[in-house]
Amino acid sequence: MTRMSRARVARRIAAGAAYGGGGVGLVGAAAVGLLLTELRLARRQVGNGGGSRVPVADGVYGHAYDIPGEPPLRLAMLGDSTAAGQGVHRAGQTPGALLASGLAAVAERPVELRNVALPGARSDDLDRQVALVLSSPWPVPDICVIMIGANDVTHRMPPTRSVRHLSTTVRRLRTAGAEVVVGTCPDLGTIEPVQQPLRWLARRASRQLAAAQTIGAVEQGGRTVSLGDLLGPEFEANPRELFGPDNYHPSAEGYATAAMAVLPTVCAALGLWPADEERPDVSRREGFLPVARAAAEAASEAGTEVTAAMPTGPRGPWALLKRRRRRRVPEAEPARPSV
């Protein structure tokens with residue numbers, strides 16, 4: 001599928017989500033049925049993570065930056081097993097802990113992490129997760145990172161419904177005062193037990209959903225980072241390093257790769273990135289595009305960020321497409337329990 005075609009499909013899905021339209025198919029029904037069967041067999045082969053235990057990483061990171069009387073930055077993680085960190089054994093290896101440590105180093109300020117992500121969650125679980133994040137006595141997070149979408153594809157959730165739940169989540173969090181960064185649907189075509197041609201169909205479905213998620217999130221004031229195309233080629237090239245023992249969830253190195261891609265956008269959303277990095281760099285093919293075109297570009301290229309730019313343009317809302325330079329994410333130190 002060309003990027004222009006993906007842009008049109010993504011716009012249709014996002015429009016259906018916004019206006020209550022019916023499901024817009026990602027791929028043909030027969031192909032979806034075959035794809036789901038193979039993905040479920042793949043999950044059965046790998047045990048869906050080799051155990052459901054996820055390390056608890058909640059707490060305060062960046063103790064060295066403690067300033068008396070100054071509260072830490074607050075980071076919340078929402079989403080599915082990728083956001084939770086399923087597949088690793090130590091809390092410091094989870095993406096939330098890695099992002100908290102990296103953010104603390106850039107901001108030179110402690111960061112308090114709260115992770116409400118749930119392995120196996122689909123986008124319709126985000127309503128519950130947002131309620132937890134915004135529940136008293138917890139302060140509203142400074143920034144929320146959402147990673148969701150894979151289970152929507154494997155469980156055949158209509159993409160319009162998936163995007164509607166994500167868009168509502170972004171709007172609720174932004175209205176509450178939090179910045180929001182969404183890591184879009186990962187590339188299911190990288191799962192080793194899935195064979196061709198279903199691997200191609202899985203990749204196509206993943207990228208279509210990722211593009212539609214980008215439109216929905218950006219139009220509600222969030223930023224997105226493409227995880228699918230970031231993890232896809234790198235996982236294919238280094239499956240033994242970037243996949244965990246189950247060949248389904250990322251390894252510690254895989255989560256570090258994802259965190260390294262998301263961290264610059266998290267910092268930029270909080271105003272912590274160098275000002276000269278905020279201007280489009282033509283040499284990196286950055287610039288302003290209609291949001292659907294930017295979404296299609298992002299779904300096809302590693303670690304690409306999309307954020308709202310102009311509310312209107314010749315072809316609707318426009319967005320800024322950025323290919324930020326990744327920064328190494330510091331190894332996460334043990335968290336201090338939240339007070």
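Refer to the structure above for everything that follows.
To start, this report covers the structure provided alongside it. From a predicted model like this one, the values you see are computed outputs, not experimental measurements. (Residues numbered from 1 in each chain as written. Predicted model: local features only at pLDDT ≥ 70, side-chain atom pairs only at ≥ 80, totals over all residues. Heavy atoms only, no water.)

Structural notes on the packing of helix α5 (residues 126–133) against helix α7 (residues 159–176)
Each packed pair of helices is defined by two parameters, the angle between the axes and the distance between the axes. Where we set the bar: Every angle, taken between N-to-C directions, lies between 0 and 180 degrees, and every axis is a line fitted to C-alpha atoms, over only the stretch in contact when it is a helix. The way it works is that DSSP assigns letters per residue, a run of H or I at least four long becomes a helix, a run of E at least two long becomes a strand, and they are numbered from the N terminus. Any angle that is under 35 degrees is reported as roughly parallel, and any over 145 degrees as roughly antiparallel; angles of 65 to 115 degrees are reported as roughly perpendicular and all others as oblique. The crossing is said to be left-handed when, going from far helix to near helix, the turn is anticlockwise and less than a right angle, and right-handed when the turn is clockwise. Pairs of residues are marked as contacts when any of their non-hydrogen atoms sit within 4.5 Å. Gly is placed with the polar residues, together with every amino acid not listed as nonpolar (Ala, Val, Leu, Ile, Met, Phe, Trp, Tyr, Cys and Pro) or charged (Asp, Glu, Lys and Arg).
Across the interface, α5 lies against α7 with an axial gap of 9 Å and an inter-helix angle of 15°. If you check the angle between α5 and α7, you find them roughly parallel. In this structure, α5 crosses over α7, and the sense of that crossing is right-handed. Across the interface between the two elements, Leu126, Asp127, Val130, Ala131 and Val133 from α5 touch His165, Leu166, Thr169, Arg172 and Leu173 from α7. Of the residues in the contact of α5 with α7, the class split is six nonpolar, two polar and two charged.

Quick word on the side chain of Lys322
In plain terms, the rule: A 3.5 Å cut-off defines polar contacts: any pair of N or O atoms within that distance qualifies, except that in protein one atom must be a possible hydrogen donor and the other a possible acceptor, and neighbouring residues in sequence count only when both atoms are side-chain atoms.
Residue placement: Lys322 occurs in strand β9 (residues 318–322). Of the polar contacts made by the side chain of Lys322, one reaches the backbone oxygen of Arg279; its length is 3.0 Å. Sequence-distant contacts of Lys322, that is, excluding residues within four places in its chain, are made with Glu277, Glu278, Arg279, Pro280, Arg284, Glu286, Thr304 and Glu305.

Remarks on the pattern of salt bridges
Defined as follows: What makes a salt bridge here is a side-chain nitrogen of Lys or Arg within 4 Å of a carboxyl oxygen of Asp or Glu, nothing more.
Following the criterion strictly, the structure yields twelve salt bridges and no others. Measuring nitrogen to oxygen at the nearest pair gives 3.0 Å for the salt bridge that ties Glu301 to Arg285. Taken together, the residues Glu301 in the loop between α12 (291–299) and β8 (305–308) and Arg285 in the loop between α11 (252–269) and β7 (287–290) connect sequence positions 16 residues apart. Connected via shared salt-bridge partners are Asp281, Arg284, Glu286 and Lys322.

Comments concerning helix α4 (residues 95–107)
As a reminder, the rule being used: A helix is expected to span 1.5 Å for every residue after the first. For the exposure calls, accessible area comes from a 1.4 Å probe over protein chains only, and a residue counts as buried if that area is under 20% of its type's maximum, exposed if over 50%, partly exposed in between.
Between its terminal C-alpha atoms α4 stretches 18 Å, which fits the 18 Å expected from 13 residues at 1.5 Å a residue. The element α4 is largely enclosed, with a buried count of ten among its 13 residues. Buried residues of α4: Pro95, Gly96, Ala97, Leu98, Leu99, Ala100, Ser101, Gly102, Leu103 and Ala104, and no others. Where the residues of α4 are buried, they touch β1 (59–61), β2 (73–79), α3 (81–84), β3 (111–115), β4 (143–147) and α11. Downstream of α4 by a residue or two, Glu108 has a phi angle that is positive, lying close to 50°.

Here we look at the packing of α4 against α11
Closest axis-to-axis distance for the α4/α11 pair is 9 Å, and the angle between their directions is 40°. With respect to α11, the axis of α4 lies oblique. Crossing angle aside, the handedness with which α4 passes α11 is right-handed. Taking contact as the criterion, the partners of Pro95, Leu98, Leu99, Gly102, Leu103 and Val106 in α4 are, on α11, Tyr255, Ala256, Ala259, Val262, Leu263, Val266 and Cys267.

Focus: the sheet that holds β4
Rule in force here: The pairing criterion is simple: DSSP has to find at least two bridges between the two strands.
One open sheet holds the nine strands; their spatial order is β1-β3-β2-β4-β5-β6-β8-β9-β7, and the pairing between them is mixed. Looking at strand neighbours, the two that pair on one side only are β1 and β7, the edges of this open sheet. For this sheet, the mean angle separating the axes of adjacent strands, direction not counted, is 25°. Judged from the five bridges that link them, β4 and strand β5 (residues 179–183) form a sheet pairing that is parallel.

All we've got here are geometric facts, nothing functional implied.
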